[in-house]
Every structure is written in structure tokens, then in C-alpha cells.
Amino acid sequence: MAPDSMTSSKISASIVGASGYGGGEALRLLLGHPDVEVRQVTSERHVGSFVHHVHPNLRGVCKLKFTARSELKPCDVLFLAMPHGESQANIEQYRALAPKVIDLASDFRLRDPAAYEEWYGHPHQKPALLSECVYGLVELHREELRGATFVAGCGCLATAMTMALWPFFKAGVVRGPVVAEGKIGSSAAGNHASESSHHPERAGAVRSFKPTHHRHTGEVRQELAAANGGRVPEIYLSGTAIEMVRGILVTAHVFTAEPLGDADVWKILRAAWGKEPFVRLVKDQKGVYRYPEPKIVAGTNFCDIGFEVEEGTRRVVVMAAIDNLVKGTSGNAVQAMNLMFGLDETTALGFAGLHP
């Protein structure tokens, strides 16, 4: 029986680290969820302050004040939105507070301790738990997430890149390495100010910040291996910071066994994603937005995927656009939570976006 099932028909939820961008976005989405009641939100820096002092978009919507982690009470589901490394240090404490835990950070995304050390540069503190945690990309792990108790949120760049590439590996048409670049907005770096986030340094910038060995590559390789006969594919990712607040655009270069036409690629993408509620295939013949564009998905849980075939070659350029804070973080986590509690996975995630 859930902790609050005797007193409320709603799922009780709390968020650890709710003053950050990811935690704040989870709060925004959960406040609009008809089956959820947010009980507590923590922030060690803002204890006692009203939520709207940190997240002004929630003024008049949320009357909660931030509490300290030490004040957390049991709930039905606990969202962890802390910086990397903090959840693994005290995960037993958090799991004791709630029968279902969703960690938005990178601590439990990789199943192999050796892979974790390779991509994060230090040993995992609780390696035995890595295989227990379900990777939270709903489109790939929907059945595992139904009734799951411990879920790892996905990396934002990893989400976009995996969604773009998975259909091609599943169809068995990829030959050779895949090279991709992810252009990403400033909110992905979090809300702690730094020299690189200073406005004169960020404005007008197209800055390569991780041209090689981006840590999200480990997630992509892990997830695509399942569609590649268990073999870890040769994937390379570069990260570029651009003057945008929300959003990611991944552009991946896929080389196929034989030259493909548009009809072949449409068939591959529709077979993989045609029935997915949050995947839109975008390839128009005219107009400004002929391909996926982060601006169009801002604030939404959609992943827009498009492509262009280079005629006379074996190259297919695949593009995916997401909001890094929604489908790339908190929206995907709420989608997973819905499945964990047996709800319609689209609940509270229906925002269609804005234009212009």
C-alpha cells in the first residue's frame, strides 16, 4: 500500500533539488498532473523561501516553500534532481523514503561499472545497484518501466541521439561508425553561474565544449547495442554550445550498407516510431521548418526526427530536436512515472509548444 493511500487518492510526490532547472521543470509538470500531489521540494540554498522566488513562472501556481533534505517525509515517488554524484552517495536513504525513486542525474544510467568509470572518470560508489536501475527512455524500455521501483533519467544529448539512431540499428542497415554533433542550449549546464555562462561570453557563441569523449556517448552505445545484436556500436559525439536557452539539435551521419531512398528511410522511421505519442517525423518539402527545430519543441515532451538522404552515396543525415529540460530530462521522467503507476503515459505532457 502506498504511504498516503489511506488519506488521498492522489500519488504523493517530492522533489530533491527542486531549485535547479531540471527539478523546477519536474515541479512545473507535476503541478499540472491530475493524479499527483506535490508534498515537498528541497533546496539547501533556499530553505524557507517560496518556490516562486526561484521559479517565477510558478507564481500563483505553487504555494510551497523549499525545505531541507533532512526534513523529507515518506511519499509515493521521489524525484532526485541533484548534481552528479550526490544521489549515489545516499541512495539507500532516499529509497527508504519512497517505494519508487526516479533519479534525474547521471549516477545510475550505465549498467556496467567499468563503463561508468570510463565515462565519468571515477569508480561508482554503489556498483551493485547499476544493474537494478531501469534506464528511463520510455520508447525503449516501456515494459520494464511498468511497475519499476528505481529508474535512471536519461542524458539530454543521449536521448536525442539514441532516438535519432535507434531505428537504423534496429533495421540492421548501419555500416561503419556514426558521427554526430549535438548543438545545445545554456540551460543544460544548470543554474550555477560560471565564466562560460556569463552573458558576454555566451552571447553570439558557437562554442565547441566537448568535441571528443562526451560522457553521454556511453549511454548511446549502451542503448544502441541492444538493437545491434548485442554489439556495442562505433558511435562518436561532439557537443557544441550555442546561443539558445532551451533545446538540442543532434545531427548524425549514418552510413548504410546500400544506398537508401527517401521511401526506405520513411519506412524505417515509421516502423520504429510511427505509433509513439511523443515522436514526430518532420521532413517537409517547403517552408522554414522543413527539418526538426529546437525552437518548435521548447516546453514540450516531443522528439522531432527528420532526415535527408545524400543521393548517390550511402550517407543519411538524421536530425533530432528536443527540449533538453523536458523530453531530455523531466518530461521523460514524468512519462516514466506515469508508466510506473499504471497511468496513461501522456498524462500532464500534452503541451503542444509555441509558435512563433
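Residues numbered from 1 in each chain as written. Predicted model: local features only at pLDDT ≥ 70, side-chain atom pairs only at ≥ 80, totals over all residues. Heavy atoms only, no water.

Asks: Help me understand the overall build of the chain, please; the structure alone is not making it clear to me.
Replies: Per the secondary structure count, the chain includes 11 helices and 14 strands. Taking 2.2 N^0.38 as the reference for a compact globule, 356 residues should give roughly 21 Å; the C-alpha atoms of the chain span a radius of gyration of 20 Å, in line with that estimate. Within the chain, buried positions represent 54% of all 356 residues. The contacts in the chain between residues at least 6 apart in sequence include a share of 70% that link residues at least 24 apart. In the form shown here, the chain has an accessible surface area of approximately 15600 Å², with 53% of it arising from carbon and sulfur atoms. Computed over 37 positive and 38 negative side-chain charges, the separation of the two mean positions in the chain equals 3 Å. (Helix = DSSP H or I, 4+ residues; strand = E, 2+ residues; numbered from the N terminus. Rg over C-alpha atoms; globule rule 2.2 N^0.38 Å. Buried < 20%, exposed > 50% of the residue type's maximum accessible area, 1.4 Å probe, protein only. Contact = heavy atoms within 4.5 Å. Areas by Shrake-Rupley, 256 points an atom, 1.4 Å probe, with all protein chains shown as cover. Lys, Arg positive; Asp, Glu negative; His and termini not counted. Charge placed at Lys NZ, Arg CZ, Asp CG, Glu CD.)

Asks: Which parts of the structure should I look at to understand the pattern of salt bridges?
Replies: For side chains of opposite charge, pairing can occur when their charged atoms come near one another. One pass over the structure, following the stated rule, counts 19 salt bridges. In this structure, Arg246 and Asp323 form a salt bridge, with 2.9 Å as the shortest nitrogen-oxygen distance. Of the two residues, Arg246 is situated in the loop between β10 (235–242) and β11 (248–255) and Asp323 in the loop between β14 (315–322) and α11 (326–340); the sequence distance between them amounts to 77 residues. Of the residues examined, Asp323 reaches a relative accessible area of 0% and is grouped as buried. (Salt bridge = Lys/Arg side-chain N within 4 Å of Asp/Glu carboxyl O.)

Asks: What is the right way to look at the packing of helix α1 (residues 21–31) against α11 in this model?
Replies: Helix packing for two helices is described by the angle between their axes and how far apart those axes are. With their axes 9 Å apart at the nearest point, α1 and α11 run at an angle of 45° to one another. With respect to their mutual orientation, α1 and α11 come out oblique. Between α1 and α11 the crossing geometry is right-handed. Here Gly22, Glu25, Ala26, Arg28, Leu29 and Leu30 of α1 lie close against α11, whose contacting residues are Val326, Thr329, Ser330, Gly331, Val334 and Met337. For the contact of α1 with α11, a count of residues per class yields six nonpolar, four polar and two charged. (Axes fitted to C-alpha atoms, helices over the stretch in contact; angles between N-to-C directions. Parallel < 35°, antiparallel > 145°, perpendicular 65-115°, else oblique. Left-handed = near helix turned anticlockwise from the far one by under 90°. Nonpolar A, V, L, I, M, F, W, Y, C, P; charged D, E, K, R; others polar.)

Asks: Can you walk me through α1 in this structure?
Replies: Because an α-helix packs 3.6 residues into every turn, residues spaced three or four apart end up facing the same way. For α1, the tally of buried residues reaches eight of 11 residues, placing the bulk of the element in the interior. For α1, the set of buried residues is Gly22, Gly23, Gly24, Glu25, Ala26, Leu27, Leu29 and Leu30.

Asks: Explain the packing of aromatic side chains to me, please; I cannot follow it from the model alone.
Replies: Any two aromatic rings considered together are summarised by their centre-to-centre distance and by the angle between their planes. Counted under the stated rule, the structure contains five aromatic pairs. Seen in terms of ring centroids, Tyr116 and Tyr120 are 4.9 Å apart; in terms of plane orientation they differ by 20°. Their pairing is stacked. Pair noted here: Tyr116 and Tyr120 are both in helix α4 (residues 113–120), with a separation of four residues, about one helical turn. Judged by its relative accessible area of 0%, Tyr116 is buried. By relative accessible area, which is 8% here, Tyr120 ends up buried. Measuring from ring centre to ring centre gives 5.5 Å for Trp266 and Phe307, while their planes differ by 80°; the resulting arrangement is edge-to-face. Here Phe307 lies in strand β13 (residues 303–309) and Trp266 lies in helix α9 (residues 262–273), a separation of 41 residues in the sequence. Accessibility classification places Trp266 together with Phe307 in one group, the buried group. The residue whose ring lies beneath Lys65 is Phe50, and the NZ or CZ to ring-centre distance is 4.8 Å. Directly above the ring of Phe341 sits Lys100, whose terminal nitrogen or CZ lies 5.4 Å from the centroid. (Phe/Tyr/Trp six-rings, centres within 6.5 Å; stacked < 30°, edge-to-face > 60°. Lys NZ or Arg CZ within 6 Å of the ring centre and 35° of its normal.)

Asks: Help me out: how do you make sense of the side chain of Thr240 in this one?
Replies: One can find Thr240 in strand β10. Only 2.5 Å separates the side chain of Thr240 from the side chain of Glu181, close enough to count as a polar contact. When sequence neighbours within four positions are dropped, the list of residues in contact with Thr240 reads Glu181, Gly182, Lys183, Ile184, Val206, Arg207, Ser208 and Phe209. (Polar contact = N/O pair within 3.5 Å; in protein donor to acceptor, adjacent residues only side chain to side chain.)

Taken by themselves, the reported measurements are silent on function.
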